[in-house]
Amino acid sequence: MSETSTDPVMSAAQFDRLRKIIYDRSGIHFPDNKKYVLESRLGRRLQELEIEDYDQYISFLTMGPYKDDEFQEMFNKITINETSFFRNEPQLDVFEKQVLPRIIEARAATKRLRLWSAACSSGEEPYSLAMMVHRCLGLRLMDWRVEILGTDISEKVLTSAMEGRYTDYSMRTTSPMVKSRYFKQDGPYWNVDPQVKQMVHFEVHNLKDRLAAKRFGKWDVIFCRNVMIYFDDAMREQVVQTFHDQLENDGVLFIGHSESLRTLKVPFEQMPTPQGFCYAKQGCKQWMTKAA
Ligand SMILES: C[S@@+](CC[C@H](N)C(=O)[O-])C[C@H]1O[C@@H](n2cnc3c(N)ncnc32)[C@H](O)[C@@H]1O
């Protein structure tokens with residue numbers, strides 16, 4: 001394919017096949033009106049591979065010798081990775097001021113705290129959680145075992161998460177106080193403080209894979225924000241059920257501000273917090289009511 005050639009055209013039938021393949025593998029749902037989105041994202045990939053039409057690409061993706069690598073390349077291209085430090089501050093305030101102190105109190109005997117940021121993109125969310133834990137525990141941090149895991153389906157975003165190096169765009173909702181306390185400026189970049197950095201680790205994890213989530217064990221708090229909008233109800237239900245299985249009984253689930261579990265049959269109830277959407281396992285939210 002020459003440099004000047006335009007993106008290949010995706011027929012309706014090719015769109016249907018591709019979106020089924022993508023859905024089966026990841027739960028990401030491309031509705032009928034989003035064909036142009038898939039076409040523009042994958043068009044670039046076909047050009048890189050010098051593949052001229054979508055039938056060839058589908059064969060390469062599903063039957064080629066590098067099919068697992070190609071799925072990864074495809075997810076790097078088709079996922080939306082928008083994020084920032086301290087995204088949706090009112091919701092994070094609920095985490096820091098209400099949920100975290102209660103969990104810390106409840107774990108006083110074990111001094112173990114486990115937080116999962118699922119679909120964390122380039123790491124701004126789990127690092128923000130680490131900064132809040134650092135603020136909350138203060139000097140007590142030395143006596144605690146804090147584990148914060150960031151996972152995503154895209155290896156590319158996780159590579160940049162592990163670097164912990166950000167531009168102003170990621171810092172657009174970060175206060176000057178947090179910037180000076182938890183980052184070191186290096187020209188146009190902001191490097192996450194090494195003490196915060198070592199509190200977080202990253203792994204590739206596909207939310208479609210229920211069994212794989214078991215390897216992580218149980219969590220005190222799970223954040224899964226701004227990804228379920230790309231799933232249909234069946235996938236949302238499956239993912240939220242996995243979170244239910246993987247949360248401690250008094251654990252808390254945070255979802256995106258514009259997302260809701262209302263239409264799903266899942267055993268969670270919304271907590272009585274004014275700003276942030278967070279959920280407790282059914283019958284287990286009493287301790288939170290006391291705090292509110
Ligand atoms: C918009 S970002 C949200 C980042 C962060 N949670 C936030 O709210 O700022 C959505 C992320 O979900 C990831 N994602 C999409 N489908 C996924 C799946 N099936 N499993 C894991 N991650 C997925 C994308 O790669 C992307 O990085």
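Look a little higher up for the structure.
Q: Help me understand the sheet that holds strand S10 (residues 278–281) in this model?
A: Working definition: the strands of a sheet are paired by backbone hydrogen bonds and lie parallel or antiparallel to each other. Spatial strand order, S6-S2-S1-S7-S8-S10-S9: 7 strands in an open sheet with mixed pairing. What marks the edges here is a single partner per strand, and that holds for strand S6 (200–204) and strand S9 (268–270). Neighbour-to-neighbour, the strand axes of this sheet turn through a mean angle of 25°, independent of strand direction. Where strand S2 (residues 145–152) meets S6, 5 bridges bridge the pair, whose relative direction is parallel. Within S6, the residue paired with Asp 152 across the bridge is Val 204. Of the strands in this sheet, strand S1 (112–118), strand S7 (219–224), strand S8 (247–255) and S10 touch helix H5 (residues 89–106), which is tilted by about 170° from S8. In this fold helix H6 (residues 124–137) packs onto S1, S2, S6 and S7, with an angle of close to 165° to the strand it touches most, S2.

Q: I keep staring at the pattern of salt bridges and nothing clicks. Help me out?
A: Pairing is possible between side chains of opposite charge, provided their charged atoms come close. Taken as a whole and judged by the stated rule, the model has 21 salt bridges. Notably, a salt bridge pairs Arg 165 with Asp 186, separated by 3.1 Å at the nearest N-O pair. Of the two residues, Arg 165 is situated in strand S3 (residues 165–166) and Asp 186 in strand S4 (residues 183–186); the sequence distance between them amounts to 21 residues. The class for Asp 186 is partly exposed, based on a relative accessible area of 37%. Across the pair Asp 233 and Arg 236 runs a salt bridge whose closest N-O atoms are separated by 2.7 Å. Note that Asp 233 and Arg 236 are positioned in helix H11 (residues 233–246) at a spacing of 3 residues, about one turn of the helix. Three or more residues joined by partner-sharing salt bridges are found here, namely Arg 45, Glu 48, Glu 70 and Lys 77.

Each value, and the rule that gives it
Residues numbered from 1 in each chain as written. Predicted model: local features only at pLDDT ≥ 70, side-chain atom pairs only at ≥ 80, totals over all residues. Heavy atoms only, no water. Pairing = 2+ DSSP bridges. Helix = DSSP H or I, 4+ residues; strand = E, 2+ residues; numbered from the N terminus. Axes fitted to C-alpha atoms, helices over the stretch in contact; angles between N-to-C directions. Contact = heavy atoms within 4.5 Å. Salt bridge = Lys/Arg side-chain N within 4 Å of Asp/Glu carboxyl O. Buried < 20%, exposed > 50% of the residue type's maximum accessible area, 1.4 Å probe, protein only.

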